[in-house]
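Notes for the structure review
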Amino acid sequence: MSAVAGVLVTVAVTPALAVTGMTATNTINVFESLPNYLKVDELAQKSTIYAVQSDGTPMALASFYDQNRVEVPLEGMSQFVQDAAVTGEDPRFYEHGGVDLQGTVRGALSTVTGGGTQGGSSITQQYVKNVLVQKCEVLTDQDELDACYDDATETSPERKLKEMRLAIGVEKEYSKPEILQGYLNITLFGGSVYGIEAAASYYFNTSAANLNLSQSASLIAIVNNPEKFRLDRPENEANGAANGYAANKERRDYILGEMLQYKKVTQEDYDAALAAPIEPTITEPSTGCQTAGGSAYFCDYVTHVLQSDPTFGEDEDTRMMNFRRGGYDIYTTLDLDMQVASEAAIAENVPQTYDGWDVGAVATSVQVGTGRVLAMAQNKVYSQDPEVQATGAQFSGINYNTDYAQGGSGGFQPGSTYKVFTLAEWLKEGHALNESVDSARKSDWGTFQDYCSGPQSFPGYNPKNDANEAGTNYTALQSTINSINTGFLGMAKKLDLCKIRDTAESFGVHRADGKDLEKGASSVLGTNEVAPLSMAVAFAGIANSGTTCSAVVIDRIVGPDDTEIPVPASECKESVEPSVAAGMAYAMKRVLTEGSAGQSYGATSPRVPMIGKTGTTDGAKDTWMSGASTKVATVVGVVSVTGDRNQRNTRFESGSAATARHRMWPEIMGVANAKYGGDEFAEASTNVIRGAQVTVPDVRGQSMDDARSALEGAGFEVLDGGVTDSELPAGTVARTDPAGGSSVGPGSTVTVYSSNGAQVLLPDVVGQSLDQAKATLAGFGVVSTDQAVNDPNQNNKVLSMSPAAGTPVTTGGSVSVVIGKQNGAAG
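Of regular secondary structure, the protein chain possesses 28 helices and 28 strands. Principal-axis analysis of the C-alpha atoms places the extent of the protein chain at approximately 145 × 60 × 45 Å. Relative to all contacts within the protein chain whose residues are 6 or more apart in sequence, the contacts with residues 24 or more apart total 70%. Put simply, the protein chain shows about 34700 Å² of open surface, and 48% of that area lies on carbon and sulfur atoms. Distance between charge centroids for the protein chain: 3 Å, based on 59 positive and 98 negative side chains.

Another point: the state of the cysteines. Evaluated as defined, the whole model comprises four disulfides. A sulfur-sulfur distance of 2.0 Å marks the disulfide that ties Cys-136 to Cys-148. Given an S-S torsion of about -75 degrees, the disulfide between Cys-136 and Cys-148 has left-handed geometry. With a gap of 12 residues between them, Cys-136 in helix 5 (residues 123-137) and Cys-148 in helix 6 (residues 142-153) connect regions that are remote in the sequence.

So, on to the packing of aromatic side chains. Here a ring pair, both rings aromatic, is described through the centre-centre distance and the interplanar angle of the planes. On inspection of all chains with the given rule, the structure shows 12 aromatic pairs. With centroids separated by 5.8 Å and ring planes inclined at 75 degrees, the aromatic side chains of Tyr-354 and Trp-357 adopt a geometry described as edge-to-face. The exposure class of Tyr-354 is partly exposed, given its relative accessible area of 24%. Seen from the ring of Phe-93, Lys-176 lies directly overhead, with NZ or CZ sitting 4.5 Å from the centre. Taking NZ or CZ as reference, Lys-493 lies 5.8 Å from the ring centre of Phe-448, over its face.

Right, let's get into the sheet that holds strand 11 (residues 554-558). Spatially, the five strands line up as an open sheet ordered 2-1-3-11-12, and their pairing is mixed. Two strands lie at the open edges of the sheet, namely strand 2 (58-64) and strand 12 (564-565), each paired on one side alone. Across two bridges, the pairing between strand 11 and strand 12 is antiparallel. Looking across to strand 12, one finds that Ile-557 is bridged to Ile-565. Against the sheet, helix 15 (residues 316-325) touches strand 1 (47-52), strand 2 and strand 3 (329-335), its axis set at about 75 degrees to strand 1.

It is worth spelling out empty space enclosed by the protein at this point. Rolling a probe over the atoms, with the probe sized like a water molecule, indicates the empty space that remains. Tallied over the full model, the rule gives three cavities of 30 Å³ or more. Residue lining of the second largest cavity: Phe-412, Gln-413, Pro-414, Thr-417, Val-530, Ala-531, Pro-532, Met-535, Trp-624, Ser-626 and Val-635, and that is the complete set. Mapped by element, the contributors of at least two residues to the lining of the second largest cavity are helix 22 (532-543) and strand 15 (623-628). Residues that form the lining of the second largest cavity fall into these classes: eight nonpolar, three polar and no charged.

This paragraph deals with the pattern of salt bridges. Enumeration according to the criterion identifies 30 salt bridges in this entry. The partner of Asp-438 in a salt bridge is Lys-442, with the nearest N and O atoms 3.0 Å apart. Residue class for Asp-438 comes out buried when judged on its relative accessible area of 18%. Arg-511 serves as the salt-bridge partner of Glu-529, at 3.0 Å between the closest nitrogen and oxygen. Taken together, the residues span a long stretch of sequence, with Glu-529 in the loop between helix 21 (497-506) and helix 22 and Arg-511 in the loop between helix 21 and helix 22 at a distance of 18 residues. Here Arg-511 falls in the buried class, since its relative accessible area comes to 8%. Among the charged side chains, a salt-bridge network with shared partners connects Glu-227, Arg-230, Asp-232 and Arg-233.

Among the six residues in strand 15, six count as buried, and that is most of the element. Alternating positions in strand 15 separate into two faces, Thr-623, Met-625 and Gly-627 on one and Trp-624, Ser-626 and Ala-628 on the other, with burial throughout. Counting the residues in the hairpin turn of strand 14 (residues 611-616) and strand 15 gives six residues, including Gly-619, whose phi is positive at 70 degrees. Looking at chain direction, strand 15 and strand 16 (residues 632-642) are connected through six bridges and run antiparallel.

Once that is clear, we can look at the side chain of Thr-751. Here Thr-751 shows up in strand 23 (residues 749-755). Setting aside anything within four residues of it in sequence, one finds Thr-751 in contact with Thr-472, Asn-473, Leu-719, Gly-721, Arg-735, Thr-736 and Asp-737.

Where helix 14 (residues 296-308) contacts helix 15, the axes come no closer than 7 Å and their chain directions differ by 125 degrees. Looking at the two axes, helix 14 sits oblique to helix 15. In this structure, helix 14 contributes Thr-303, Leu-306, Gln-307 and Ser-308 to the contact, and helix 15 contributes Glu-316, Arg-319, Met-320 and Phe-323. Of the residues that constitute the contact of helix 14 with helix 15, the class distribution is three nonpolar, three polar and two charged.

In this structure, Ile-330, Phe-421, Val-509, Ile-554 and Met-584 are the most contacted members of the largest nonpolar core, which totals 89 residues. It is helix 22 that contributes the most residues to this core, nine residues altogether.

Between its first and last C-alpha, helix 10 (residues 213-224) extends 18 Å over 12 residues, near the 16 Å set by a 1.5 Å rise per residue. The buried count for helix 10 comes to 11 of 12 residues, which makes it a mostly enclosed element. Considered for burial, the residues of helix 10 that qualify are Leu-213, Ser-214, Gln-215, Ser-216, Ala-217, Ser-218, Leu-219, Ile-220, Ala-221, Ile-222 and Val-223. The backbone nitrogen of Ser-214 has a side-chain oxygen 3.2 Å away, supplied by the residue at the start of helix 10, namely Asn-212.

The next thing to look at is the packing of helix 3 (residues 79-89) against helix 8 (residues 176-186). Two elements in contact, helix 3 and helix 8, have axes separated by 11 Å at closest approach and are oriented at 95 degrees. In terms of orientation, helix 3 and helix 8 fall into the roughly perpendicular class. Of helix 8, the residues touching helix 3 (which contributes Gln-82, Ala-85, Val-86 and Glu-89) are Leu-180, Tyr-183 and Leu-184. Across the contact of helix 3 with helix 8, the residue classes break down as five nonpolar, one polar and one charged.

Geometrically, the link from Ser-605 to Pro-606 is a cis peptide bond, its omega value of -5 degrees lying close to zero. The linkage connecting Asp-737 with the following residue, Pro-738, adopts the cis geometry, with an omega of 0 degrees. The phi angle at Tyr-245 is positive, at roughly 55 degrees, despite the residue not being glycine. By the element assignment, Tyr-245 lies in the loop between helix 11 (226-229) and helix 12 (246-261). Taking the relative accessible area as the measure of exposure, Tyr-245 reaches 7% and is therefore buried. Despite not being glycine, Lys-263 shows a phi value in the positive range, around 60 degrees. Inspection of the secondary structure assignment puts Lys-263 in the loop between helix 12 and helix 13 (267-275).

Counting through the fold element by element, Ser-439 comes out in the loop between helix 18 (420-428) and strand 8 (447-448). Residue Ser-439 is classed as buried on the basis of its relative accessible area of 1%. Reaching out from Ser-439, the side chain makes a polar contact with the backbone oxygen of Val-437 at a distance of 3.0 Å. At a separation of 3.0 Å, a polar atom in the side chain of Ser-439 contacts the main-chain amide nitrogen of Tyr-474. If we ignore the near neighbours within four places in the chain, the residues touching Ser-439 are Gly-471, Thr-472, Asn-473, Tyr-474, Thr-486 and Gly-487.

Rules used throughout
Residues numbered from 1 in each chain as written. Predicted model: local features only at pLDDT ≥ 70, side-chain atom pairs only at ≥ 80, totals over all residues. Heavy atoms only, no water. Helix = DSSP H or I, 4+ residues; strand = E, 2+ residues; numbered from the N terminus. Contact = heavy atoms within 4.5 Å. Areas by Shrake-Rupley, 256 points an atom, 1.4 Å probe, with all protein chains shown as cover. Lys, Arg positive; Asp, Glu negative; His and termini not counted. Charge placed at Lys NZ, Arg CZ, Asp CG, Glu CD. Disulfide = S-S within 2.5 Å. Phe/Tyr/Trp six-rings, centres within 6.5 Å; stacked < 30°, edge-to-face > 60°. Buried < 20%, exposed > 50% of the residue type's maximum accessible area, 1.4 Å probe, protein only. Lys NZ or Arg CZ within 6 Å of the ring centre and 35° of its normal. Pairing = 2+ DSSP bridges. Axes fitted to C-alpha atoms, helices over the stretch in contact; angles between N-to-C directions. 1 Å grid on protein atoms, 1.4 Å probe; cavity = no way out; pocket = protein on both sides within 12 Å on 5 of 7 lines; lining within 4 Å. Points joined across faces, edges and corners; volume = space filled by probe spheres on them. Nonpolar A, V, L, I, M, F, W, Y, C, P; charged D, E, K, R; others polar. Salt bridge = Lys/Arg side-chain N within 4 Å of Asp/Glu carboxyl O. Parallel < 35°, antiparallel > 145°, perpendicular 65-115°, else oblique. Core = buried A, V, L, I, M, F, W, Y, C linked by side-chain atoms within 4.5 Å. Expected span 1.5 Å × (residues − 1). Polar contact = N/O pair within 3.5 Å; in protein donor to acceptor, adjacent residues only side chain to side chain.

Now the structure itself:
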């Protein structure tokens, strides 16, 4: 009772305190000792992720919020809703100093007489209570949050006393319009709908400025009891569609009556509003990335950046709270033209599901020189709802384009697209593109250098070439153009496996699962599981003269007060020197124009200078096409998300699964080329292409030992090519590859073939008669044909022979001769 008495005493002097600031008497010293300053924090508002369209206008992808709220100024609210709030909740709002004497006395008397602690709160007091509750909402510890909420909402005279004291302080700090604006923006309208703007949109699909009289009264009715009077439960028996939302209508009509009584509306407007049925048009706000359609996986990646980047807060909980409550407008790097092209290319060429195969398709594009992610698409429908995912394999919450930490994917083997990093290391170490290496297939490749772990060997590792190429001495350029596995292993033998890994990392490449990149011999051919986005960043680095820029997805963030929020910047660093990048581009351009990526090149329109590399993993489980202009890098792939499937034995409606990459990549790069253009790549130096040329000694006819000594003495590596047919004495050198007299790079591998002595040089029988020729060519089968001649000296004489004289041949073969026949001459 003493607490209630304190409230009553306080109420008696409140108007004077609020208006004049008089010193309190000793009777209310307790009241005066309570804090009277309330800091009003920024309200929680929804944040929205945007893509900017070609004309510069933003397009919302998705919104996120803990409280669906959009703050608006008082002038952005209908006068009807302002008047409804005041007359319905606090008719003397403009007269009192924060506490309504009559209302508070009424509430206190109810308490005294046993009716329980009642309301009677002014708008200012309600505002104070909401501000205190909002302060609780930012707490991340649940126990602290619960205690704070209980303290802010406790039904007790003590809490009421504190609320009143703070209300008086608010009235001293803010004007009446400012308090009313704050109140209408902060108050709860049921569920997670906060503030009049969100309520107008949610319940009536309109704005706060355009609310009519009936709608305004219905919304303010909800404030009195948000759970009881909300309008989004049409099946509710007490307040649903069947009874015309009777509970809300009763409260609405009361408010309309108050507005009429206080002359805020005319009788005519009152009658019309009273007769108007309550007809909500529930408009669910877009929330979460599933509303972004085909851009949902890009949106998901943006949310992971917001959650993980220290720019947005000291820890994950703080970052997400800032994101979901901060009212940010987040403008992303997404290029909608590129995105639409990527989505269409995938949809046209790869199904969302395939019987017996967990098929995936990805496409990622990155702007060269900035790291801005322009497009990100895959062949699935985005959903994080396990129940939705359970309905079909077309739904997935995993982003195949990004790392595990950024979307749940463990990555995919990039196959031969990863060979570009061995090419980079090859050129970094001073080797030339035209330098040849031991490319013969073998079951034991011997020892590889590895400065991290010491020399390594891999017995039994015996990869074949994709098209069964059997050459033994491919150059680095040939190996790149035609993606020769054994050629790249031969290159790796002359390099250091750990340095190859270092070079890959310098281009921003890392395993999608966060572990260290593997560096065994097989890794040279692309067996590390890597995210497609990482490969796109790397190819953009090659196209950027060897300077790689980390991926970014946010261009700018604008806060609710129109202030710019700092965003993560791309970090650019030199991965290789420009001369090395020029050499890589030289080789990778030829992959497109004359090598394994020719199908993609031929289908791209318009064309600009481009580089590329294909990749196919073991058993054609995953297939890739990666490439770039000087403006945009794009990686596309068809992958086995789980399990194995030979894509060469699989067909989609669009064609072979294995070549779908070559149907997708041109569509996307065609749009990129048309929009961004492309410049010539820097010209590779002669030294990078050919190196310091040396001549291969001619060692034909020498013993194998002498030949090896001569070649090694000239700085070449020697590979025994085995025995071959030759006219030279058995055991001597029959030929070399490259041939004697050829100009090659220093340190190239020369394959030496020894003679079996099984051939002879074919004697010359031109000018002989057919009988003479047969005698000369004893041991060979002679096949003759006649040819008309006019010269009598050529009659019945051998005019030509094939093979030609001097050709090494094996005895027992056939020789064709042409015999001259003069017209009219007898045989």
